[in-house]
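What follows is each chain in one-letter form.
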Amino acid sequence: GVPPATDLVLGATAGCLACFLTNPLEVVKTRLQLQGELQAPGTYPRPYRGVLRAVFAVCRADGLGGLQKGLAAGLLYQGLMNGFRFYCYSHAEDAGWTRYPGGTVAAGAVAGAVGAFVGSPAYLVKTHLQAQTVSAVAVGYQHNHENIVGAFRTIYRQHGVVGLWRGVTGAIPRVTVGSAVQLATFASAKDWVCERQWFRKGSWAAVLAGGMVSSVAVAVAMTPFDTISTRLYNQPVDADGTGKLYRGFLDCILQISNKEGLLGLYKGIGAVYLRLGPHTVLSLFFWDKLRDL
């Protein structure tokens with residue numbers, strides 16, 4: 001019963017509220033995924049060892065405010081990506097596509113792909129800013145932007161509009177898979193707990209239960225794509241915008257698998273879940289409750 005245009009605003013608001021609370025885990029996740037890039041396990045220093053110790057490492061190097069690095073870019077990304085994602089999903093609901101078998105998954109996937117494309121420049125800048133730190137604990141390539149405005153200006157000046165969408169080939173599969181799994185499992189899990197009368201339909205407990213089940217599935221399905229996306233966005237590029245480390249999505253998968261092992265694709269999965277769990281619960285909870293209002 002909510003118009004798609006309203007869902008755009010509500011989805012963006014829900015994503016931003018969740019982002020503000022979970023951005024510290026996004027910083028930690030980014031550092032863990034860049035640590036030991038294209039190096040065999042055990043052959044590189046590890047300034048970040050697990051989620052908790054990584055949090056302390058960030059605080060020691062960048063101060064307490066370091067946990068909110070890239071927050072402005074993260075809020076912009078969540079607003080754009082989730083706004084358009086929920087907008088497209090709402091259109092699919094109105095058209096009745098989600099009532100067909102597999103319709104929820106397909107609608108979630110398409111909506112996620114649209115959201116990922118629209119929000120890609122903001123995610124690019126967010127990744128650059130969150131990776132930046134002092135040399136003693138630096139991992140991945142350091143772009144050394146001063147702030148979000150300077151980052152957009154530098155990328156545009158050096159590589160034009162196309163440069164702002166660098167890494168989008170990793171973002172679209174990432175959000176397509178994540179969105180399809182998230183929206184499909186959230187809806188079915190929420191209905192399932194209500195059918196068994198564990199929670200009352202429409203209650204906050206049913207929403208949270210659906211979100212918690214969804215977050216487990218999303219973390220397992222999405223982590224390899226998340227790692228690839230972080231690497232593609234953060235890699236250094238030539239003057240013409242060509243990546244110096246990876247030629248594209250498939251090349252990134254092959255290089256990580258060959259040099260870091262298959263488990264390299266799951267780097268930072270603990271941080272991914274700890275970030276995706278609350279983020280999934282909060283964003284879907286806020287969206288669901290805002291729709292009710």
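Source: prediction; values computed, not measured.

Quick notes on the rules
Residues numbered from 1 in each chain as written. Predicted model: local features only at pLDDT ≥ 70, side-chain atom pairs only at ≥ 80, totals over all residues. Heavy atoms only, no water. Axes fitted to C-alpha atoms, helices over the stretch in contact; angles between N-to-C directions. Helix = DSSP H or I, 4+ residues; strand = E, 2+ residues; numbered from the N terminus. Parallel < 35°, antiparallel > 145°, perpendicular 65-115°, else oblique. Left-handed = near helix turned anticlockwise from the far one by under 90°. Contact = heavy atoms within 4.5 Å. Nonpolar A, V, L, I, M, F, W, Y, C, P; charged D, E, K, R; others polar. UniProt positions renumbered as here; feature names shortened; annotations may be inferred. 1 Å grid on protein atoms, 1.4 Å probe; cavity = no way out; pocket = protein on both sides within 12 Å on 5 of 7 lines; lining within 4 Å. Points joined across faces, edges and corners; volume = space filled by probe spheres on them. Expected span 1.5 Å × (residues − 1). Buried < 20%, exposed > 50% of the residue type's maximum accessible area, 1.4 Å probe, protein only. Phe/Tyr/Trp six-rings, centres within 6.5 Å; stacked < 30°, edge-to-face > 60°. Lys NZ or Arg CZ within 6 Å of the ring centre and 35° of its normal.

S.K.: I tried to follow the packing of helix H4 (residues 103–131) against helix H5 (residues 148–164) on my own but got confused; where do I start?
M.R.: Between two packed helices, what matters for the description is the angle formed by their axes and the separation of those axes. One way to put it is that H4 packs onto H5 with a least axis distance of 11 Å and a crossing angle of 130 degrees. Looking at the two axes, H4 sits oblique to H5. When the axes of H4 and H5 are compared, the crossing they make is right-handed. Contacts from Ser120, Pro121, Ala122, Leu124, Val125, His128 and Leu129 in H4 reach Ile148, Ala151, Phe152, Ile155, Gly163 and Leu164 in H5. Within the contact of H4 with H5, the residues separate by chemical class into 10 nonpolar, 3 polar and no charged.

S.K.: Sorry, what's going on with the UniProt feature "transmembrane region" (unreviewed entry) in the chain here?
M.R.: In the numbering adopted here, UniProt assigns the feature "transmembrane region" (unreviewed entry) to residues 204–225. Split by type, residues 204–225 is 100% helix and 0% strand. Its first and last C-alpha atoms lie 31 Å apart.

S.K.: What is the right way to read empty space enclosed by the protein from this model?
M.R.: Remark: the empty space left among the atoms is shown by a probe the size of a water molecule rolled over them. The tally for this structure, following the rule as stated, stands at 2 cavities of 30 Å³ or more. Space inside the largest cavity adds up to approximately 170 Å³. As for the largest cavity, its lining consists of 17 residues, and the residues nearest its centre are Met81, Arg85, Gln182, Met222 and Leu276. Among the elements of the structure, helix H3 (71–94), helix H6 (168–195), helix H7 (204–234) and helix H9 (269–292) are those that each provide at least two residues to the lining of the largest cavity. Here the lining of the largest cavity is built from residues that sort into 6 nonpolar, 8 polar and 3 charged. Put simply, the second largest cavity is a space of about 60 Å³. Around the second largest cavity, the lining residues are Cys19, Thr22, Asn23, Glu26, Gly74, Tyr77, Gln78, Lys126, Arg275 and His279. Listed by contribution, the elements that provide at least two residues to the lining of the second largest cavity are helix H1 (4–34), H3 and H9. Of all the elements, H1 adds the most residues to the lining of the second largest cavity, at 4 residues. In terms of residue class, the lining of the second largest cavity is built from 2 nonpolar, 5 polar and 3 charged.

S.K.: Whenever I open this one, helix H8 (residues 249–260) confuses me. Can you help?
M.R.: The periodicity of an α-helix, 3.6 residues per turn, causes residues three or four places apart in sequence to face the same way. A rise of 1.5 Å per residue sets the reference length of H8, with its 12 residues, at 16 Å; its end C-alpha atoms lie 16 Å apart and thus fit the reference within 8%. Listing the buried residues of H8 in full gives Phe249, Asp251, Cys252, Gln255, Ile256, Ser257 and Glu260. Elements in contact with the buried residues of H8: H6 and H7. Gly261 sits one or two positions beyond H8 and adopts a positive phi of about 85 degrees.

S.K.: Mind showing me how you'd approach the layout of surface pockets here?
M.R.: Roughly 500 Å³ of internal volume is contained in the largest pocket. If you go around the largest pocket, you meet 19 residues; those closest to its centre are Phe186, Lys190, Asp191, Asp288 and Arg291. Elements represented by at least two residues in the lining of the largest pocket include exactly H3, H6, H7 and H9. Counting residues per element, the lining of the largest pocket draws most heavily on H6, at 6 residues. When its volume is computed, the second largest pocket comes out at roughly 320 Å³. What lines the second largest pocket is a set of 18 residues, and nearest its centre among them are Arg166, Gly167, Gly241, Thr242 and Gly243. Class assignment of the residues belonging to the lining of the second largest pocket gives a composition of 6 nonpolar, 9 polar and 3 charged.

S.K.: What is the right way to look at the environment of Ala107 in this model?
M.R.: Assignment of secondary structure puts Ala107 in helix H4. Measuring from C-alpha to C-alpha, the distance between Ala107 and Gly268 comes to 28 Å, with 161 residues separating the pair along the chain. Excluding its chain neighbours within four sequence positions, the residues that come into contact with Ala107 are Tyr89, Ala92 and Thr98.

S.K.: Teacher, can you tell me more about the packing of aromatic side chains here?
M.R.: Geometry of an aromatic ring pair is reported as the spacing of the ring centres plus the angle between the planes. Per the stated rule, a full pass over the model turns up 4 aromatic pairs. Between Phe225 and Phe249 the ring centres are 6.2 Å apart and the planes differ by 15 degrees, which places this aromatic pair in the stacked class. Here Phe225 is found in helix H7, whereas its partner Phe249 is found in helix H8, with 24 residues between them in sequence. Take Phe225: its relative accessible area is 23%, and that puts it in the partly exposed class. Residue Phe249 is classed as buried on the basis of its relative accessible area, which comes to 18%. The structure contains a cluster of three or more aromatic residues connected by ring pairs, namely Tyr77, Tyr123 and Tyr233. When the ring centre of Phe86 is taken as reference, the NZ or CZ atom of Arg85 above it lies at 4.7 Å. Lys126 extends its terminal NZ or CZ atom over the ring of Tyr123, reaching a point 4.2 Å from the ring centre.

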